[in-house]
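So you can see what is in the structure, the chains are spelled out below.
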Protein chains: 2
Amino acid sequence: MSPKNAFYAQSGGVTAVINASACGLIETARQHPDKIGKVFAGRNGIIGALLEELIDTSQESAEDIARLRHTPSGAFGSCRYKLKSLETHRGQYERLIEVFKAHDIGYFFYNGGGDSADTCLKVSQISAALGYPIQAIHIPKTVDNDLPITDCCPGFGSVAKYVATSIREAGFDVASMSRTSTKVFILEVMGRHAGWITAACGLAAEQEGEGPHILLFPEIEFDEEKFLAKVKATVEKYDHCVIGVSEGIKDKEGNFLSETGLRDAFGHAQLGGVAPTIAQLVKDKLGYKYHWAVADYLQRAARHIASKTDVEQAYALGKSAVEIALAGKNAIMPAIRRLADTPYRWDIAEAPLSEVANVEKFMPRDFITEDGFHITEACRRYLSPLIEGEDYPPFKNGLPDYVRLKNVAVPKKLAGEFKL
Amino acid sequence: MSPKNAFYAQSGGVTAVINASACGLIETARQHPDKIGKVFAGRNGIIGALLEELIDTSQESAEDIARLRHTPSGAFGSCRYKLKSLETHRGQYERLIEVFKAHDIGYFFYNGGGDSADTCLKVSQISAALGYPIQAIHIPKTVDNDLPITDCCPGFGSVAKYVATSIREAGFDVASMSRTSTKVFILEVMGRHAGWITAACGLAAEQEGEGPHILLFPEIEFDEEKFLAKVKATVEKYDHCVIGVSEGIKDKEGNFLSETGLRDAFGHAQLGGVAPTIAQLVKDKLGYKYHWAVADYLQRAARHIASKTDVEQAYALGKSAVEIALAGKNAIMPAIRRLADTPYRWDIAEAPLSEVANVEKFMPRDFITEDGFHITEACRRYLSPLIEGEDYPPFKNGLPDYVRLKNVAVPKKLAGEFKL
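Residues numbered from 1 in each chain as written. Chains lettered and ligands numbered in written order. Predicted model: local features only at pLDDT ≥ 70, side-chain atom pairs only at ≥ 80, totals over all residues. Heavy atoms only, no water.

Caption draft 1: Summary view of the interface of chain B and chain A. In this assembly, 79 residues from chain B lie in contact with 79 residues from chain A. Surface buried jointly by chain B and chain A totals about 6800 Å² across both partners, of which 61% is contributed by carbon and sulfur atoms. Taken together, chain B and chain A are joined by 4 salt bridges. Between B:R404 and A:E210 there is a salt bridge, and its shortest N-O distance comes to 3.1 Å. The interface formed by chain B and chain A includes 31 residue pairs in polar contact (both at pLDDT 80 or more). Contributions of two or more residues to the side of chain B that touches chain A are made by helix 7 (156-177), strand 6 (184-189), helix 10 (274-286), strand 9 (290-294), helix 11 (297-301) and strand 13 (399-400) of chain B. Here the side of chain B that touches chain A gets 13 residues from one element, more than from any other, and that element is helix 7 of chain B. (Contact = heavy atoms within 4.5 Å. Buried area = accessible area lost by both parts, 1.4 Å probe. Salt bridge = Lys/Arg side-chain N within 4 Å of Asp/Glu carboxyl O. Polar contact = N/O pair within 3.5 Å; in protein donor to acceptor, adjacent residues only side chain to side chain. Helix = DSSP H or I, 4+ residues; strand = E, 2+ residues; numbered from the N terminus.)

Below, the structure written as structure tokens:
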């Protein structure tokens with residue numbers, strides 16, 4: 001029996017380390033030419049499979065594949081595209097099988113978050129439901145850190161390191177200028193539903209008086225009065241106040257603060273995020289001079305300040321996915337298992353996809369202080385190891401030297417076009 | 001004759017490397033106990049001199065002073081406070097002399113930008129005008145890179161490296177997601193009057209198609225129609241468009257785009273910066289999905305990605321300031337002199353403060369492409385060496401380990417209070 005080819009796709013928002021998983025997967029697959037033929041990547045994720053737009057990764061040199069380990073973003077392109085259920089969109093699954101068959105694909109590796117785990121689970125069921133033999137393995141990835149079972153999600157540790165580093169640096173800046181300048185600084189971070197990234201900002205506050213002094217979590221209802229009182233008390237004590245805020249905080253009525261219904265002169269919805277909204281509130285009610293920053297994509301793409309732990313885990317999970325497939329398994333997600341906090345020790349366990357799909361992991365309430373404005377020691381114990389270690393990319397001309405793959409297309413074999 | 005003490009103050013917006021200058025200055029002063037007694041730092045800049053709030057840096061260990069080299073922000077506090085002319089505010093200068101006399105200060109080191117150079121010049125004239133012998137030396141510092149004579153300004157190179165790195169990383173991110181997600185990404189950077197930081201974003205575009213594709217300089221009047229046409233053409237060609245924009249761009253009437261007169265429902269001036277304004281424009285006129293980031297203080301505090309060249313220059317200028325003072329000179333600013341582009345070679349020359357004060361250096365027009373949307377090869381030749389090399393701070397618990405000095409107050413000797 002000649003070895004089957006593998007399909008690999010990146011899904012959803014990309015991260016600083018998703019390519020490290022790709023690197024682990026492709027390098028490991030290349031070590032088993034007897035069992036795995038070529039690794040075909042989906043151009044722009046699962047869309048690439050549906051449109052038969054496959055990339056032949058065997059055309060990339062070993063050196064370039066190795067460089068994926070230190071390159072942020074999705075090297076093959078990613079997409080936000082969720083497959084519906086087998087019942088309602090049977091045609092999509094039949095198309096997948098058609099493409100898999102045409103390219104002799106027997107392994108399906110899907111690298112993504114919660115939605116992707118669900119898609120991967122559905123693909124894993126094709127075998128039984130539609131009679132095409134395929135092994136589907138999910139590789140976890142999401143800066144939101146909201147997948148269950150796994151200790152953490154690749155991508156998160158690096159964002160955590162970036163936001164904690166950045167808010168510490170900005171905090172030092174503000175503290176040194178507060179006598180005559182900015183009193184309140186606000187950094188808006190990602191995490192619309194779960195406050196993991198906001199919590200990571202809190203790691204920067206290690207010494208008395210050090211920012212961030214206030215964190216605003218999406219899990220905690222925003223209480224304007226309580227917040228303003230806390231800002232005032234902080235400025236009176238330290239002469240400045242540093243705030244980390246999740247893009248997803250909501251008021252008592254459950255409305256996002258970033259969508260407060262404010263309109264400009266032309267009736268357009270208010271521009272911009274939560275940070276300027278909070279800043280304006282502080283200015284209006286307390287009169288403090290403010291500055292704010294919105295890190296946006298900078299945080300999830302910041303490979304230059306990636307967590308070494310995160311990079312190692314991302315690579316290991318890609319490698320493990322191949323090993324699980326080679327062991328003949330299906331519908332599995334390799335997951336990080338924490339063995340010890342200090343020093344951090346971990347290994348990889350196998351989580352059944354059925355227990356992963358459609359489950360979101362939120363911050364435990366005991367990770368947030370009682371007043372709702374900071375992280376607890378328990379949270380710190382959980383988060384600290386995830387930002388441990390530096391893993392700098394190589395630099396060229398003063399800038400990170402990231403790889404751009406050739407991304408050579410696999411010749412199409414199917415006639416006709418598929419409509420997404 | 002017993003050695004005179006020195007006064008050192010940080011002024012204006014702080015940077016990732018202003019403490020490296022402080023480090024160079026203090027370490028060098030300590031090597032000359034026969035000529036320089038103690039180095040007293042102004043708490044919160046020049047205000048510290050006026051209020052007699054001096055910090056005794058001799059109380060800091062050699063190790064902690066060495067750590068200043070890798071610590072961002074102003075370790076002794078900085079301020080935005082400009083001394084008026086000797087004629088109109090003679091009282092302030094007389095107060096300075098009073099404090100200098102009480103603490104036996106014979107050297108005045110002022111670490112700042114254009115305004116500070118002007119103040120330093122005025123202090124240098126005290127000697128003749130008010131009969132108090134003092135040598136005033138200015139150490140250049142400004143992320144705006146707008147001081148004359150010197151090849152560049154400490155602080156700028158590190159911001160340049162940060163913005164170029166960040167926009168490259170975000171550009172990779174957007175490129176990999178554009179098929180189904182964000183088409184246009186906008187990064188807002190500092191530099192209200194001069195486009196140096198915006199230009200530095202341009203360094204990230206080294207290969208065909210690589211972002212940023214468009215730069216919006218404060219030196220170039222914002223032409224909405226031309227801009228939108230360029231965005232459209234870029235998205236049609238590359239499926240995405242990455243834009244770096246200065247916070248200070250203006251429209252044809254000379255109004256800042258960040259103050260377009262838009263109001264919210266309560267009549268408040270529109271929140272937030274240029275990036276969301278540009279983003280909304282793109283969305284309204286072209287319909288593209290966008291994301292935007294405002295780096296704000298993150299950029300000037302980002303010591304974790306400082307330019308090695310910048311750190312070395314900042315240190316050397318602090319050292320040089322002491323050497324110039326020891327040579328008996330007054331009213332001087334040590335300045336970087338460029339000897340060669342590739343590889344970059346530089347030394348330090350002495351610029352008379354009278355030629356520095358009140359002169360702003362803007363981007364030469366031939367550093368901006370004819371269409372006004374990018375940088376030229378000449379600009380690249382100038383900028384590239386300034387971001388060369390990495391100089392990572394030490395890390396502890398996964399975060400940069402920055403020093404907090406003890407900042408022990410020098411006992412006050414003067415009776416009565418001075419009112420700012």
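Caption draft 2: Main features of the nonpolar core. Counting residues in hydrophobic clusters, the biggest one holds 153 residues, and the most contacted among them are A:F109 and B:F109. Other than its neighbours up to four places away in sequence, A:F109 contacts A:A6, A:F7, A:Y8, A:A9, A:L25, A:I137, A:I139, A:A321, A:V322 and A:A325. Formed by 48 residues, the second largest nonpolar core is a distinct cluster that contains A:V245, A:V294, B:V245 and B:I278. (Core = buried A, V, L, I, M, F, W, Y, C linked by side-chain atoms within 4.5 Å. Buried < 20%, exposed > 50% of the residue type's maximum accessible area, 1.4 Å probe, protein only.)

Caption draft 3: Region of interest: the pairing of strand 10 (residues 332-340) of chain B. Residue and element names in this part refer to chain B. As paired elements, strand 10 and strand 11 (residues 345-352) share 8 bridges and run antiparallel to each other. Paired with A340 across the bridge in strand 11 is R345. Connecting strand 10 to the next strand, strand 11, in antiparallel fashion are 4 residues. (Pairing = 2+ DSSP bridges.)

Caption draft 4: View of unusual backbone geometry. A cis amide bond links A:G211 to the next residue, A:P212, at an omega of 0°. Mapped onto the fold, A:P212 is located in the loop between helix 8 (196-201) and strand 7 (214-216). At the junction of B:T342 and B:P343, the peptide bond is cis and its omega measures out at -5° in the coordinates. Position of B:P343 among the secondary structure elements: in the loop between strand 10 and strand 11.

Caption draft 5: Here's a closer look at the relation of the copies chain B and chain A. Aligned on chain A, chain B shows an RMSD of 0.0 Å; the corresponding rotation is 180° and the shift along the axis is 0.0 Å. In short, the pair behaves as if placed about a two-fold rotation axis. Looking at the interface residues of chain B, 100% of them are also at the interface in chain A, so both copies use one shared face. (Least-squares fit on C-alpha atoms with pLDDT ≥ 70 in both.)

Caption draft 6: Molecular detail of helix 4 (residues 90-102) of chain A. Residue and element names in this part refer to chain A. With 13 residues, helix 4 ought to run about 18 Å at 1.5 Å a step, and its terminal C-alpha atoms sit 18 Å apart, in line with that. Of the positions making up helix 4, those classed as buried are Q92, Y93, R95, L96, I97, V99 and F100. Tucked into the core, helix 4 has its buried residues touching strand 1 (4-10), helix 2 (46-50), strand 3 (54-56), strand 4 (105-112), helix 5 (114-124) and helix 6 (126-130). Within two residues after helix 4, D104 carries a phi angle of roughly 55°, on the positive side. (Expected span 1.5 Å × (residues − 1).)

Caption draft 7: Inspection of helix 12 (residues 308-326) of chain A at higher detail. Residues and elements named next belong to chain A. Spanning 19 residues, helix 12 covers 27 Å between terminal C-alpha atoms, matching the ideal 27 Å at 1.5 Å per step. Among the 19 residues of helix 12, 14 are classified as buried, and the element is accordingly described as predominantly covered. Sitting at the amino-terminal end of helix 12 is S307, which places a side-chain oxygen 3.3 Å from the backbone nitrogen of T309. Looking one or two residues past helix 12, G328 carries a phi angle of roughly 85°, positive in sign.

Caption draft 8: Geometry of the packing of helix 1 (residues 18-30) of chain A against helix 12 of chain A. All names here are of chain A. Two elements in contact, helix 1 and helix 12, have axes whose closest approach is 7 Å; the angle formed by their N-to-C orientations is 40°. Seen along the crossing, helix 1 lies across helix 12 with a hand that is right-handed. Only V311, A314, Y315, G318, K319, A321, V322 and E323 of helix 12 make contact with helix 1, whose side of the interface consists of A20, S21, C23, G24, L25, E27, T28 and A29. Looking at the contact of helix 1 with helix 12, its residues break down into 9 nonpolar, 4 polar and 3 charged. (Axes fitted to C-alpha atoms, helices over the stretch in contact; angles between N-to-C directions. Left-handed = near helix turned anticlockwise from the far one by under 90°. Nonpolar A, V, L, I, M, F, W, Y, C, P; charged D, E, K, R; others polar.)

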